[in-house]
Amino acid sequence: FKAYLPGRVFCEGNLTLTPILLKEGRFYSRKGQGATVKNPKTKKNAGLRVAFVGGINSEKGGKAVTEIIRHGSSQIEWYVIGGIGEPELAHLRKNNLIKTGYYHQEDLYIYLKYYQIDVVCILSKCPETFSYTLSEAIVSHIPVIVTDTGALGQRVRALDCGVVVSAADDNETAAAVNRQLSRWVDNSEDYQRLLKKIEDCPVFSVEEMLQEYRKLYAA
């Protein structure tokens, strides 16, 4: 098996990993058989950690995502959190690209916090009716870049929690996203101002959302 270990999990010295196997309700391990990983002394990336979240296929902007990562800044760490249905993206390999695989919806908040994501990109080509992924990013106080499709563009403009780009052409979408990310890397003050706005974004509880739905159906 393989494990991705972010540099921040290391402190002084080395890290020892001991596999623990579960079989028929019992745990097994071999004492002293752990693998020792030397502290890589990695320098913290001066750029951003950018995540593409959800099942990434053609309809969810898979081609644009591939182009963004392929031609994006080397100062950015790219994360694909979720399944990948775009063949080129599935086979794309870069030193600054991490693919987590599938996740449970209730664990997304943990993924975003664990990897210390700075920006979430949701680049659907088809209109979204609401997007719970967008809600998760807002709850996590993470700025977003979204395509102007359905509820994505509407909600981001209303909440002023990110940037909206066109979904008309994959290459244009990719270029627009990379331009915006480069601006944030070069001018962190712009990013910090947006981050401050998101901290004040209203977040509705489940009960409050139910009340809104009742009003809509009663109208």
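First things first, this report covers the structure right here in the doc. It should be emphasised that the depicted structure is a prediction, and the values quoted were computed from it without experimental measurement. (Residues numbered from 1 in each chain as written. Predicted model: local features only at pLDDT ≥ 70, side-chain atom pairs only at ≥ 80, totals over all residues. Heavy atoms only, no water.)

**A short note on the packing of aromatic side chains**
In step 1: This structure, assessed with the given rule, holds 7 aromatic pairs.
In step 2: Seen in terms of ring centroids, Tyr79 and Tyr115 are 5.1 Å apart; in terms of plane orientation they differ by 45°. Their pairing is tilted. Here the residue Tyr79 occupies a position in strand E6 (residues 77-81), and Tyr115 occupies one in the loop between helix H3 (108-114) and strand E8 (119-122), the gap between them amounting to 36 residues. Side by side, Tyr79 and Tyr115 carry an identical accessibility label, which is buried.
In step 3: Each ring, one from Tyr103 and one from Tyr111, has its centre 5.9 Å from the other, and the planes form 50°; the classification is tilted.
In step 4: These aromatic residues form a ring-pair network of at least three members: Tyr79, Tyr103, Tyr111, Tyr114 and Tyr115.
In step 5: The ring of Phe130 is capped by Arg155, whose NZ or CZ atom sits 4.0 Å from the centre of that ring. (Phe/Tyr/Trp six-rings, centres within 6.5 Å; stacked < 30°, edge-to-face > 60°. Helix = DSSP H or I, 4+ residues; strand = E, 2+ residues; numbered from the N terminus. Buried < 20%, exposed > 50% of the residue type's maximum accessible area, 1.4 Å probe, protein only. Lys NZ or Arg CZ within 6 Å of the ring centre and 35° of its normal.)

**Quick notes on the nonpolar core**
Buried together is how nonpolar side chains tend to be arranged in soluble globular proteins.
In step 1: Phe52 and Leu181 are the most contacted members of the largest nonpolar core, which has 51 residues in total.
In step 2: Per-element accounting of this core gives the leading share, 6 residues, to helix H6 (residues 170-186).
In step 3: When near neighbours in sequence (up to four residues on either side) are disregarded, Phe52 contacts Val65, Ile68, Ile69, Trp78, Tyr79, Val80, Ile81, Cys121 and Leu123. (Core = buried A, V, L, I, M, F, W, Y, C linked by side-chain atoms within 4.5 Å. Contact = heavy atoms within 4.5 Å.)

**Considering the pattern of salt bridges**
In step 1: In the structure shown here, the tally under the stated rule is 10 salt bridges.
In step 2: Between Arg70 and Glu88 there is a salt bridge; the shortest N-O distance is 3.3 Å. Placement of Arg70 in helix H1 (residues 62-71) and of Glu88 in helix H2 (residues 87-91) is noted, with a sequence separation of 18 residues between them.
In step 3: Taking the relative accessible area as the measure of exposure, Arg70 reaches 34% and is therefore partly exposed.
In step 4: A relative accessible area of 41% means that Glu88 is categorised as partly exposed.
In step 5: Among the ionic pairs, Asp190 bridges to Arg193, the shortest N-O distance being 2.1 Å. You can see Asp190 and its partner Arg193 sitting in helix H7 (residues 188-199), 3 residues apart, about one turn around the helix.
In step 6: Given the relative accessible area of 30%, Asp190 is considered partly exposed. (Salt bridge = Lys/Arg side-chain N within 4 Å of Asp/Glu carboxyl O.)

**Let's talk about a nonpolar patch on the surface**
In step 1: On the surface, Tyr109, Ile110, Tyr114, Val139 and Val203 cluster together to form a nonpolar patch covering roughly 450 Å² of accessible area.
In step 2: By residue number, the principal contributor to the nonpolar patch is H3, which donates 3 residues.
In step 3: With respect to the helices, strands and loops of the structure, Val139 is situated in helix H4 (residues 132-139). (Patch = residues over 30% accessible without salt bridge, like charges linked within 9 Å, V, L, I, M, F, W, Y side chains within 5 Å. Areas by Shrake-Rupley, 256 points an atom, 1.4 Å probe, with all protein chains shown as cover.)

**Observations regarding the pairing of E6**
In step 1: Burial within E6 is extensive, with 5 of its 5 residues counted as buried.
In step 2: Residues of E6 alternate between two faces, with Glu77, Tyr79 and Ile81 on one and Trp78 and Val80 on the opposite face, all of them buried.
In step 3: Across 5 bridges, the pairing between strand E5 (residues 49-53) and E6 is parallel. Looking at E6, one finds that Phe52 is bridged to Val80.
In step 4: Running through H1, the crossover from E5 to the neighbouring parallel element E6 is right-handed.
In step 5: Pairing geometry for E6 and strand E7 (residues 97-101), over 4 bridges, is parallel. Each residue of the ladder has a partner; that of Ile81, found in E7, is Gly101. (Pairing = 2+ DSSP bridges. Right-handed = clockwise from strand over helix to strand, strands pointing away.)

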